[in-house]
Each structure stands twice: as C-alpha cells, then as structure tokens.
Amino acid sequence: MSVAELRNGALHVEGVKLADIAVQHGTPCYVYSRAALGAAFEAYRAALAGCDATVCFAVKSNSNLAVLNVFARLGAGFDIVSGGELARVLAAGGDAAKVVFSGVGKTRDEMRAALDAGIFCFNVESASELERLNAVAGECGKRAPIAFRVNPNVDPKTHPYISTGLKTSKFGIPYDDALALYRQARALPHLDIRGIACHIGSQLLDPAPAAEAAEKVLALVDALAAEGIALAHIDLGGGMGIRYSDENVLPAADYLAPMLKVLAGRRERLLLEPGRSLVGNAGLLLTRVEFLKHGEEKNFAVVDAAMNDLARPALYDAWHDIVPVVPRAAVATAYEIVGPVCESGDFLGRGRQLALQEGDLLAVMSAGAYGMAMSSNYNTRPRAAEVMVDADRVHVVGRRETVPEIFARESILP
Ligand code: LLP
C-alpha cells in the first residue's frame, strides 16, 4: 500500500498535494498520513479481535510526538528502549500502564524512571540486569514487573543486521537458561514475575518463524507453570514486514493467523510490539532535485535529502521506491539519487529510471519507519521538517531544525 496517490497528474497524500507541502514547508520534509497510521493500527485490532491482546507500538521506529499521540488515542501501548522514549510516550499522552521496556542496557536511572511512571513490564535481557533491577526497585520501595526476553533461536530469514532471535545475537537470554533465570527471579524480593517476551527480527515476510517462536515460548510457559511460576502475558515482539518494492506482504490478519493458531485457547494475554508495519508505509520523505549531474558513466540527481535524513539505503542497502511528485511525460534516464553528504555511500536510490529536471520534487516512499528516527546531524545538516496530513489539513509536527540549534549544546575553551 502506498500512502501517496497520483490524482490529476500530481501526487497527493490524503487530500493534499505534495507539491503544496514542499512550497509551504520546504524540503527535505517527512510527510505522514494520519489516516494511514489509523488504518495500519485498525488492521492489527481487527486481526486480534476476540483475543486479550495489547498492541505496543515500537517507539524506536518513529518517535515523533504526534505519531505517538495518534496511537495513544487509538488505545495503543508502547514498546520503549530508553528513558528518552519513556519521556516521549508520557509527553505524547501515552498510558504508562501499557508500556513495555525492552533493551539490553537499561541504566539505573532509566529503571527508576520506569518504576516511577508505573510501566506494565520490564523485558529483562540478562542475569545482571535482573540483579540491578531488583536492587533499584528495592531502593525505590517498589516491586518491578518483569518478563524475560528469551532468545528462541528461530531464523527469521531477514537481513542479518535486523535478525535478533538467533543464538549469536546480543539480545535476550538463551532459551536453555530461561528456567534457571525464572527460578532466580522468584527468589528476589523486589521483582514480580509477570510474563515472557521474545522478538526474533524485523521486516519478516514469512509468518512461519513467528509461529515457531510462539510454540517455543509456550513450551517454556508450560514448563514454568509446572514449577508453580504462572505467567500472565506472552509478548511476541514485532517484526511484520512491509512492502518496499515487490515483496509479497500478507495482510496483518494472515501474517498473524499461524501465530494466533498456536496461541488458541491460552489464557495468557498477548502483547505485540510492531513498529515498521504501523508506520513504514504511512510516511514518505519529500525531497527536491538540486542538480542533475552527468558523469562519465553515471547520471546523478543530487537531491536535498541525504543519508543523514534517511540512513537505510546507506546502512542496509535498503531499497525505497522513489517517485516524481509531478511526473513528466519525457524519456526516462537511469539516475543515481544521491544526497549532498560527503560520502560515496550517501545515496537514496541507484539506477532509477526517471524523467527529471532540476527543481523537480521526488517522494522517497515507505520512509515512515526508521527514517526520521535514525536521522542525524552529520555534515551539520539540520534535521528535516515533519508534517502530518489529516484529510485536507497539514500540521507541522516537527519543525525544521536550525543550524544554531545544532551547536547550541557545544562550547569552546575559555
Ligand atoms: N520489539 C523489539 C524488541 C525490537 O527490537 C524491535 C525492532 C521491534 C519490537 C519492532 O520491530 P518492527 O516491527 O519494526 O520490525 N533500523 C532497522 C530496523 C531495526 C529493528 C530493531 N528492532 C531498519 O531500518 O530496517
């Protein structure tokens, strides 16, 4: 599904022309569609109808306050990985009681903040973290709700950088250590054992690995129950993939069906932590062609967005569709779509057949997830503006950064 639609020769998001957004708000600019966010969330809700389930949006994929607020209003929970993300969720009106806290390196301060906020559960990823959390909770006079994130050693068949459930991964605790660690947790006074979690990877297209992970997790739940450790919830993480080019992406209900079949008849609450599938195709990056440059072997379209704005192509060789905002009826040429950053790896797309002129606008599609969230100030480039379209209205939900803001934290020697 694409968030933009060609109508009367111009690309629109909902009722708004992208060209108008570029004129009013400048480029590069991330554009999100409120309707698309809502539709993606509804697809989960419908797929989970009749289950006791909470969808916890993975904040890391897009942490813009307006995006978080849209999901909060729809009743979502949140999956966070830092104190910063917790603060964002609270600032956006999210319910702390629906927050799960993942991540391998939670600091004492982050633990304290999450305990104070009253989050739903800490997904504990090591024995050392367990000890630290117990100590911090004791100091705060609280009991920390916990789940262990187990590593089910399931191959999610995705990019190695985003496979997280294999034995070689830094995430989670080894499957075979889980029983011993739960026994250890039971003996600690400031912890409350609540559930179990896993997350096997991202951009998953085949539903079988998630179902296999669910089976492995359930085997542990039952083994724990036999020892008198009853778990109230099962968190099966995120990972459902989206369509970037021609991937065969199942609707949420079909992707989740094999997993839900494994869970049928269980009494534990189900938690999911989707990120990409809720926001990825609800956003695009709007950019303008600064120069066309005809090299000896290649043609370059130098655009005003770069790897600091959208790191995925440079980092993972990820493919994003790139489409003209007002298509031209001219012969297309193969272009390298590159940014102004001083790195050969600074490209948004390679060998794209486009009919372009300088000043043209391009939309880099499927940029709602891990786009702005992974942006940086490399080359002292201010971060892009962000707008959210709601029917025929455009709201600035992230003002374009300024250069003085970038160096405001810095100081020179006296
Ligand atoms: N839960 C946990 C514990 C995670 O580590 C992640 C993603 C998610 C949920 C959400 O996964 P999703 O539904 O978005 O697949 N920057 C990479 C993706 C990194 C994913 C990291 N973990 C990219 O741009 O492809």
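Provide a residue-level description of the domain arrangement of the protein chain, including the pertinent values.
Here the protein chain is partitioned into domain 1 (4–32 + 280–406) and domain 2 (34–276). Domain 1 and domain 2 are separated by 32 Å when their C-alpha centres are compared. On the side of domain 2, 18 residues touch domain 1, which itself brings 23 residues to the contact. Taken over both partners, the interface formed by domain 1 and domain 2 buries close to 1800 Å², and the fraction arising from carbon and sulfur atoms is 57%. On inspection of domain 1 and its partner domain 2, the count reaches one salt bridge. With its nearest N and O atoms 3.2 Å apart, the salt bridge here joins Arg-34 to Asp-390. Across the domain 1-domain 2 interface, the total number found is eleven residue pairs in polar contact (both at pLDDT 80 or more). The set of elements that each furnish at least two residues to the side of domain 1 that touches domain 2 consists of helix H11 (312–316), strand S20 (385–390) and strand S21 (393–398). Top contributing element to the side of domain 1 that touches domain 2 by residue count: S20, with four residues. Grouping the amino acids of the side of domain 1 that touches domain 2 by side-chain chemistry returns eleven nonpolar, seven polar and five charged.

So what about the sheet that holds strand S1 (residues 4–7)? Which residues, and what values?
Pairing in this open sheet of three strands is antiparallel, and the strands run S1-S2-S3 from one edge to the other. Lying at the two open borders of the sheet, with one neighbouring strand each, are S1 and strand S3 (16–17). Here S1 runs beside strand S2 (residues 10–13); their pairing, made up of four bridges, is antiparallel. Residue Ala-4 lies in a different strand from S2, and its bridge partner there is Val-13.

Describe the pairing of strand S14 (residues 283–294), with residues and values.
The pairing of strand S4 (residues 29–33) with S14 spans four bridges and is antiparallel. For Tyr-32, the partnering residue across the bridge sits in S14 and is Gly-283. For S14 and strand S15 (residues 299–303), the ladder comprises five bridges, and the chain directions are antiparallel. Pairing of Phe-291 across the sheet is with Val-302, part of S15. Counting the residues in the hairpin turn of S14 and S15 gives four residues.

Explain the pattern of salt bridges to me, using residue names and the numbers behind them.
Inspection of the entire model under this criterion finds 22 salt bridges. Where Lys-60 meets Asp-79, a salt bridge forms, and the shortest distance between an N and an O atom there is 3.8 Å. In this pair, Lys-60 is assigned in the loop between strand S5 (53–58) and helix H3 (65–73) and Asp-79 in strand S6 (residues 77–80), connecting sequence segments 19 residues apart. Relative accessible area serves as the criterion here: at 33%, Lys-60 is assigned to the partly exposed category. Notably, a salt bridge pairs Asp-192 with Arg-194, separated by 3.4 Å at the nearest N-O pair. Bridged by salt links that share partners, the residues Asp-222, Arg-266, Arg-267 and Glu-268 form one connected network.

Describe the state of the cysteines, naming the residues involved and giving the relevant values.
Disulfide: a covalent bond connecting the sulfur atoms of a pair of cysteines. Inspection of every chain in the model, using the stated rule, returns zero disulfides. Looking at the unpaired Cys-51, the closest cysteine sulfur is the one in Cys-56, lying at 14 Å. A relative accessible area of 35% places Cys-51 in the partly exposed class.

Describe unusual backbone geometry, with residues and values.
Cis geometry is found at the peptide bond from Thr-27 to Pro-28, where omega equals -5°. With respect to the helices, strands and loops of the structure, Pro-28 is situated in the loop between helix H1 (18–25) and S4. The phi dihedral of Thr-380 is positive, around 50°, even though this residue is not glycine. Note on placement: Thr-380 falls in the loop between strand S19 (361–364) and S20.

Can you explain helix H6 (residues 127–140)? Please cite residues and give values.
Taking 1.5 Å per residue, 14 residues should reach 20 Å; H6 reaches 20 Å between its end C-alpha atoms and fits that length. Among all positions in H6, only Glu-129, Leu-130, Leu-133, Asn-134, Val-136 and Ala-137 are buried. Those residues of H6 hidden inside the fold are in contact with helix H5 (108–117), strand S8 (121–124), strand S9 (144–151), helix H7 (178–186) and strand S11 (191–197). Phi for Gly-141, located one or two positions after H6, is positive at around 65°.

Summarise the site of the ligand; cite the residues concerned and give the values.
Taken together, 19 residues are adjacent to the ligand, and Ser-202, Glu-273, Arg-312, Tyr-316 and Tyr-370 come closest. In this structure, a nitrogen atom belonging to the ligand sits 2.6 Å away from a side-chain N or O atom of Glu-273. Burial of the ligand by the surrounding chains reaches 93%, relative to a free accessible area of 590 Å². Considering only residue class, the shell around the ligand consists of six nonpolar, seven polar and six charged. For the shell around the ligand, the domains that each give at least three residues are domain 1 (4–32 + 280–406) and domain 2 (34–276).

With reference to specific residues and values, describe the packing of helix H2 (residues 34–47) against H3.
Between H2 and H3, the least distance of the axes is 10 Å, while the angle of their chain directions is 45°. By the angle between their axes, H2 is oblique relative to H3. Of the two possible hands of crossing, H2 and H3 adopt the one that is right-handed. Across from Arg-34, Leu-37 and Phe-41 in H2, the residues of H3 making contact are Val-67, Val-70, Phe-71 and Arg-73. Residues belonging to the contact of H2 with H3 are distributed by class as follows: five nonpolar, no polar and two charged.

Reading the values: rules and limits
Residues numbered from 1 in each chain as written. Predicted model: local features only at pLDDT ≥ 70, side-chain atom pairs only at ≥ 80, totals over all residues. Heavy atoms only, no water. Domains from an automatic or database assignment. Contact = heavy atoms within 4.5 Å. Buried area = accessible area lost by both parts, 1.4 Å probe. Salt bridge = Lys/Arg side-chain N within 4 Å of Asp/Glu carboxyl O. Polar contact = N/O pair within 3.5 Å; in protein donor to acceptor, adjacent residues only side chain to side chain. Helix = DSSP H or I, 4+ residues; strand = E, 2+ residues; numbered from the N terminus. Nonpolar A, V, L, I, M, F, W, Y, C, P; charged D, E, K, R; others polar. Pairing = 2+ DSSP bridges. Buried < 20%, exposed > 50% of the residue type's maximum accessible area, 1.4 Å probe, protein only. Disulfide = S-S within 2.5 Å. Expected span 1.5 Å × (residues − 1). Near = heavy atom within 4 Å. Areas by Shrake-Rupley, 256 points an atom, 1.4 Å probe, with all protein chains shown as cover. Axes fitted to C-alpha atoms, helices over the stretch in contact; angles between N-to-C directions. Parallel < 35°, antiparallel > 145°, perpendicular 65-115°, else oblique. Left-handed = near helix turned anticlockwise from the far one by under 90°.

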